[in-house]
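# Working through the structure, step by step
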Amino acid sequence: MSISNITVFRPSVLMLIGIPGLETVQCWIGIPFCVMYLIAMIGNSLLLIIIKSERSLHEPMYIFVGMLGVTDIVLGTSIVPKMLGIFWFHVPEIYFDSCLLQMGLIHIFQCIESGILLAMALDRYVAICYPLRHAAIFTHHLVSQIAAVVTLRAAVLGAPCLILIKFRFQFYHTTIISHCYCEHMAIVKMAAENVRVNKIYGLFVAFTVAGFDLTFITLSYVQIFITVFRLPQKEARLKAFNTCIAHICVFLQFYLLAFFSFFTHRFGAHVPPYIHILFSSLYLLVPPFLNPLVYGAKTKQIRIHLIKMLYSQNAL
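Residues numbered from 1 in each chain as written. Predicted model: local features only at pLDDT ≥ 70, side-chain atom pairs only at ≥ 80, totals over all residues. Heavy atoms only, no water.

Turning next to the overall build of the protein. Scanning the protein from terminus to terminus reveals 10 helices and five strands. In summary, the protein has a C-alpha radius of gyration of 22 Å against a globular reference of 20 Å for 316 residues, a match within 12%. Each principal axis of the C-alpha distribution contributes one length, and for the protein these read about 75 × 45 × 35 Å. Across the 316 residues that make up the protein, the buried fraction comes to 47%. Across the protein, the fraction of contacts at a sequence separation of at least 24, relative to all contacts at a separation of at least 6, is 80%. With the model as given, the accessible surface of the protein reaches about 16100 Å², and the carbon-plus-sulfur share is 71%. (Helix = DSSP H or I, 4+ residues; strand = E, 2+ residues; numbered from the N terminus. Rg over C-alpha atoms; globule rule 2.2 N^0.38 Å. Buried < 20%, exposed > 50% of the residue type's maximum accessible area, 1.4 Å probe, protein only. Contact = heavy atoms within 4.5 Å. Areas by Shrake-Rupley, 256 points an atom, 1.4 Å probe, with all protein chains shown as cover.)

The subject of this paragraph is helix α9 (residues 273–298). With 26 residues, α9 extends 36 Å between its outermost C-alpha atoms, agreeing within 8% with the 38 Å of an ideal straight helix rising 1.5 Å per residue. Remark: the principal bend of α9, roughly 30 degrees, maps to Leu-285, with a proline, Pro-287, within the next four residues. (Expected span 1.5 Å × (residues − 1). Bend = angle between axes of the 7 residues up to and from the residue.)

Between its first and last C-alpha, helix α5 (residues 140–168) extends 42 Å over 29 residues, near the 42 Å set by a 1.5 Å rise per residue. Along α5, the residues classified as buried are Val-143, Ala-147, Val-150, Ala-154, Leu-157, Gly-158, Cys-161, Leu-164 and Ile-165. The elements touched by buried residues of α5 are α2 (60–89), α3 (96–129), β4 (171–172), α6 (184–188) and α7 (196–229).

On to the packing of helix α1 (residues 26–53) against α2, then. A pair of packed helices is characterised by two quantities: the angle between their axes and the separation of those axes. Look at α1 against α2: their axes get within 9 Å of each other, and the N-to-C directions meet at 155 degrees. On the basis of the axis angle, α1 is roughly antiparallel to α2. In this structure, α1 crosses over α2, and the sense of that crossing is left-handed. (Axes fitted to C-alpha atoms, helices over the stretch in contact; angles between N-to-C directions. Parallel < 35°, antiparallel > 145°, perpendicular 65-115°, else oblique. Left-handed = near helix turned anticlockwise from the far one by under 90°.)

Looking now at the packing of α5 against α7. Where α5 meets α7, the axes come as close as 10 Å, and the angle between the chain directions of the two elements is 170 degrees. Judged by the inter-axis angle, α5 sits roughly antiparallel to α7. Each of Arg-153, Val-156, Leu-157, Pro-160, Cys-161, Leu-164, Ile-165 and Arg-168 in α5 lies in contact with α7, whose residues at this interface are Val-197, Asn-198, Tyr-201, Phe-204, Val-205, Val-209, Phe-212 and Asp-213.

Of note, Thr-71 is situated in helix α2. By relative accessible area, which is 3% here, Thr-71 ends up buried. A polar atom in the side chain of Thr-71 sits 2.9 Å from the backbone oxygen of Met-67. (Polar contact = N/O pair within 3.5 Å; in protein donor to acceptor, adjacent residues only side chain to side chain.)

Attention now moves to the nonpolar core. If you look at the biggest cluster of nonpolar residues, it comprises 94 residues, and the most contacted ones within it are Leu-117, Ile-165 and Ile-177. At 18 residues, the largest contribution of residues to this core is made by α3. Among residues more than four places away in sequence, those in contact with Ile-177 are Leu-14, Met-15, Leu-16, Ile-17, Cys-99, Cys-182, Ala-186, Ile-187 and Met-190. (Core = buried A, V, L, I, M, F, W, Y, C linked by side-chain atoms within 4.5 Å.)

Positive charge collects at one region of the surface, where Lys-239, Lys-298, Lys-300 and Arg-303 lie side by side. Residue position: Lys-298 is located in helix α9. (Patch = residues over 30% accessible without salt bridge, like charges linked within 9 Å, V, L, I, M, F, W, Y side chains within 5 Å. Salt bridge = Lys/Arg side-chain N within 4 Å of Asp/Glu carboxyl O. Lys, Arg positive; Asp, Glu negative; His and termini not counted. Charge placed at Lys NZ, Arg CZ, Asp CG, Glu CD.)

Take the sheet that holds strand β2 (residues 13–16) next. Note on sheets: strands pair through backbone hydrogen bonds, and any given pair is parallel or antiparallel. The three strands are arranged β3-β2-β5 in an open sheet whose pairing can be described as mixed. Edge positions in the sheet fall to β3 (93–95) and β5 (176–177), since each has one partner strand and no second. Relative to β3, β2 is paired through three bridges, and the arrangement is antiparallel. In the strand pairing of β3, Leu-14 is matched with Ile-94. Strands in contact with α3 are β2, β3 and β5; relative to β3, the strand with the most contacts, it is inclined by about 85 degrees. (Pairing = 2+ DSSP bridges.)

Taken from the UniProt record, the annotation "transmembrane region" (unreviewed entry) applies to residues 28–50, 62–80, 100–122, 142–165, 200–228, 240–262 and 274–295. Counting secondary structure, residues 62–80 comes out at 100% helix and 0% strand; the distance between its end C-alpha atoms is 26 Å. End C-alpha to end C-alpha, residues 100–122 measures 33 Å, and it is 100% helix and 0% strand. (UniProt positions renumbered as here; feature names shortened; annotations may be inferred.)

Take the environment of Ala-210 next. Along the polypeptide, Ala-210 turns up in helix α7. Here Ala-210 falls in the buried class, since its relative accessible area comes to 17%. Considered as a pair, Ala-210 and Cys-111 are 99 residues apart in the sequence and their alpha carbons are 8.5 Å apart. The residues touching Ala-210, leaving out its near neighbours within four places in the chain, are Thr-215 and Phe-259.

For the rest of this paragraph, the subject is the state of the cysteines. On inspection of all chains with the given rule, the structure shows one disulfide. Here Cys-34 stays free of any disulfide, with the sulfur of Cys-27 as its closest cysteine sulfur at 13 Å. Left unpaired, Cys-161 is separated from the closest cysteine sulfur, that of Cys-111, by 10 Å. (Disulfide = S-S within 2.5 Å.)

Have a look at this one:
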């Protein structure tokens, strides 16, 4: 295909403009984003400290919560510092390779988070539907294998996105990214070459990960609810259901935001760009912010150990 004279050959530096249409209020938008990020970092760090220090929490469910905490810390740190640099200090420049690294971290760890949520759903399914076999099935060895498979899947599916951009595209229409972080489709749309392969592969990864994980999460909870409602005692039903509430809240907020961001970016031609960018940013910020609050409030064991830890610190 012909390349016009206004294209740029392999730019070394790109410009992130932030939130188009809201440039005058970006400094104020940065305040709640910063607060959410700080709460996410503190909350997830506390979760990790509690789970690591308390041997009674060295069980599959809490190990998965710890893995979720690590994933949330990486996701938040991948975008918020640079985002605040744009909003508050007017530093929009980012090296092309750094942009690809940020994009890779975001998409790989989103895939890891989805895989962890699936593992947590399967853990709850076995714990409630086959309680006597749970300890024998969900061993520490199996948990390690699940963590390895989830990480490997994310790397295998995420790496081609980076390779396709890095080695297929040479010419770009612009060096300006109309976004506040490096997102796959935002970079692809800059290219002055055929982007069909990149778009198809992006859709393939999105539907493969979300479709597979969400299908099995849904099936797991259908079986869980069937089992719970068959329990003879009301107290047993409430106790079993209560152990799932935190997980259900986390699943819903993660996938609802994910699907809204995905479909508005690709099919929401009439949605204002700032709406899409705000929601796609919230999609990356809300889960790390809410997850420690949800698990801290709804998980009795974590709540008890957190209170003990805070009380012992105050006593000193």
